[in-house]
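A look at the structure
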Amino acid sequence: MGRSGLPNYRKLAFEQYPAICVHCGFGIRPVLEVAHLDGSARNCSVDNLAILCPTCHRMHDIGLIPTEHLIVMRDVERQADWGLLMKDAAAKAVATKLADDPEHFKNAARKAAATRRAREQSEDAD
């Protein structure tokens, strides 16, 4: 119990739910907040709590994100797959370079191989 006689709702929420914003997926724990879904700070039941980033928390507080949506999303296990984002970015970059200048890709590959060889040689020298 905290000083006010209420349980530490932040601790309760982080013990029950993953440290990720249930709406947008933001996941830097020190920045995340815990929302009281019914708007009552006195209702610290785990069922009344959701972990949100500051932006989504404010949007929920002013009615832009419905409580029902947060309840559904809170109970769905999620994890960010950053590989999808990077895979997409790399493919787009390669496609752009190939379309602009087919030799650029070949030159970039040669430069990367040379850099790798130089790095390996300097590691062997150490």
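Reference entry: report on the structure contained in this document. (Residues numbered from 1 in each chain as written. Predicted model: local features only at pLDDT ≥ 70, side-chain atom pairs only at ≥ 80, totals over all residues. Heavy atoms only, no water.)

1. Considerations on the pattern of salt bridges
When the charged atoms of two side chains lie near each other, side chains of opposite charge can form a pair. Heads up, the rule is: Any Lys or Arg side-chain nitrogen found within 4 Å of a carboxyl oxygen on Asp or Glu counts as a salt bridge. Only runs of H or I of at least four residues qualify as helices and only runs of E of at least two qualify as strands under DSSP, and these elements are numbered from the N terminus.
Applying the stated rule across the entire model yields two salt bridges. The salt bridge partner of E33 is R58, with a shortest N-O separation of 2.7 Å. Placement of E33 in strand β1 (residues 33–36) and of R58 in helix α2 (residues 54–61) is noted, with a sequence separation of 25 residues between them.

2. Quick look at the nonpolar core
What counts here: To form a nonpolar core, buried Ala, Val, Leu, Ile, Met, Phe, Trp, Tyr and Cys residues must be joined to one another through side-chain atoms within 4.5 Å. Each residue is assigned to one of three classes by its accessible area relative to the maximum for its type, calculated with a 1.4 Å probe on protein chains only: buried under 20%, partly exposed between the two thresholds, exposed over 50%.
In terms of nonpolar packing, the biggest core is built from 17 residues, with C21, L32, V34, I51, L52, C56 and L70 touching the most fellow members. When contributions to this core are tallied by element, the ones reaching two or more residues are α1 (9–16), β1 and β2 (49–52). Among the elements that make up this core, the one with the highest residue count is β2 (four residues).

3. Remarks on a nonpolar patch on the surface
Quick reminder of the rule: Think of a patch as exposed residues, more than 30% relative accessible area, with no salt bridge, where like charges cluster within 9 Å and nonpolar side chains (Val, Leu, Ile, Met, Phe, Trp, Tyr) cluster within 5 Å. Per-residue and other accessible areas follow the Shrake-Rupley method at a 1.4 Å probe size, with only the shown protein chains counted as cover for residues.
A surface patch of nonpolar side chains, about 230 Å² in accessible area, is lined by F26, I28 and V31. By the secondary structure assignment, I28 is in the loop between α1 and β1.

4. Focus: the environment of A35
Of note, A35 is situated in strand β1. You can call A35 buried: its relative accessible area is 0%. Taking C-alpha positions, A35 is 6.3 Å from I51, a pair spaced 16 residues apart along the chain.

5. Here's the deal with the pairing of β2
Our working definition: We call two strands paired when DSSP finds no fewer than two bridges between them.
Of the two faces of β2, both are covered, the one formed by L49 and I51 as well as the one formed by A50 and L52. Strand direction decides the pairing type here: β1 and β2, joined by four bridges, are antiparallel. Its bridge partner lying in β2, A35 is registered against A50.

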